[in-house]
Amino acid sequence: MTHAFARSEADYNRLDPADQQRFDHVMELADGNRDNGEYLALMLAAAAIAGLRIPYGAHIRKCACSCTCPAIFDPEHPDAHVIEDEPSYNLGRHQCPGCADEHYETA
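Parameters and conventions
Residues numbered from 1 in each chain as written. Predicted model: local features only at pLDDT ≥ 70, side-chain atom pairs only at ≥ 80, totals over all residues. Heavy atoms only, no water. Axes fitted to C-alpha atoms, helices over the stretch in contact; angles between N-to-C directions. Helix = DSSP H or I, 4+ residues; strand = E, 2+ residues; numbered from the N terminus. Parallel < 35°, antiparallel > 145°, perpendicular 65-115°, else oblique. Left-handed = near helix turned anticlockwise from the far one by under 90°. Contact = heavy atoms within 4.5 Å. Nonpolar A, V, L, I, M, F, W, Y, C, P; charged D, E, K, R; others polar. Buried < 20%, exposed > 50% of the residue type's maximum accessible area, 1.4 Å probe, protein only. Lys, Arg positive; Asp, Glu negative; His and termini not counted. Salt bridge = Lys/Arg side-chain N within 4 Å of Asp/Glu carboxyl O. Polar contact = N/O pair within 3.5 Å; in protein donor to acceptor, adjacent residues only side chain to side chain. Core = buried A, V, L, I, M, F, W, Y, C linked by side-chain atoms within 4.5 Å. Expected span 1.5 Å × (residues − 1).

J.: Quick rundown of the packing of helix α1 (residues 17–32) against helix α2 (residues 36–50)? Include the residues and the values.
T.: Where α1 meets α2, the axes come as close as 9 Å, and the angle between the chain directions of the two elements is 165°. Here α2 runs roughly antiparallel to α1, going by the angle between their axes. Here the hand of the crossing between α1 and α2 comes out left-handed. Contact residues: α1 offers Asp19, Arg22, Phe23, Val26, Met27, Leu29 and Ala30, while α2 offers Tyr39, Leu42, Met43, Ala45, Ala46, Ile49 and Ala50. For the contact of α1 with α2, the residue count by class is 12 nonpolar, no polar and 2 charged.

J.: Describe in detail the side chain of Asp31, supporting the description with residues and values.
T.: Turning to its location among the elements, Asp31 is positioned in helix α1. The side chain of Asp31 is buried and forms no salt bridge, while Arg34, the nearest opposite charge, is found at 7.1 Å. Those residues within four positions of Asp31 in sequence are excluded, and the remaining contacts are Tyr89, Asn90 and Leu91.

J.: Let's hear about the side chain of Asn33: which residues, and what values?
T.: Inspection of the secondary structure puts Asn33 in the loop between α1 and α2. A distance of 2.7 Å separates a polar atom in the side chain of Asn33 from the backbone nitrogen of Asp35. At 3.0 Å, the side chain of Asn33 and the side chain of Glu38 are in polar contact.

J.: With reference to specific residues and values, describe the pattern of salt bridges.
T.: In this structure the tally under the stated criterion is 2 salt bridges. A salt bridge links Arg22 to Asp19, with the shortest nitrogen-to-oxygen separation between them at 2.7 Å. Highlighted residues: Arg22 and Asp19, both in helix α1, separated by 3 residues, approximately one helical turn.

J.: Residue-level account of the nonpolar core, with values.
T.: Within soluble globular proteins, side chains that are nonpolar generally end up buried alongside one another. If you look at the biggest cluster of nonpolar residues, it comprises 18 residues, and the most contacted ones within it are Phe23, Met27, Met43, Leu52, Ile60 and Ile72. Counting residues per element, the ones that place at least two in this core are α1 and α2. Here this core gets 7 residues from one element, more than from any other, and that element is α2. One finds Cys63, Cys69, Phe73 and Ala80 within the second-largest nonpolar core, a separate group that totals 9 residues.

J.: Account for α2, with residues named and values stated.
T.: Taking 1.5 Å of rise per residue, the 15 residues of α2 would be expected to cover 21 Å, and the 21 Å separating its terminal C-alpha atoms lies within 8% of that figure. Looking at the buried side of α2, the elements it contacts are β1 (10–11), α1, β2 (61–62) and β3 (71–73). The opening residue of α2 is Asp35, an N-cap whose side-chain oxygen sits 3.1 Å from the backbone nitrogen of Gly37. In the segment just after α2, Gly51 is the residue with positive phi, at about 85°.

Here it is as structure tokens:
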């Protein structure tokens, strides 16, 4: 028996409007959360809304480049790119690997 591979990306535009609203809300809560355990729980919740299975301790981001890419992805992926770190919040702006390859952006 073969095992199905876990999806590593999701498409924000494929979420229905209610799930998009839930995803955005959970990501906003994670962004401002100072408790690491709660932050990681919010990452799990956002990933579940997007249909991604991530391990506890993992992170996700929505692609933040100017092309308005709908990718939800792992910002720790070796080909992902940090556009800007925001020291007063948890979530920086990241480009997904595909966008970073096609049009690398800076802040």
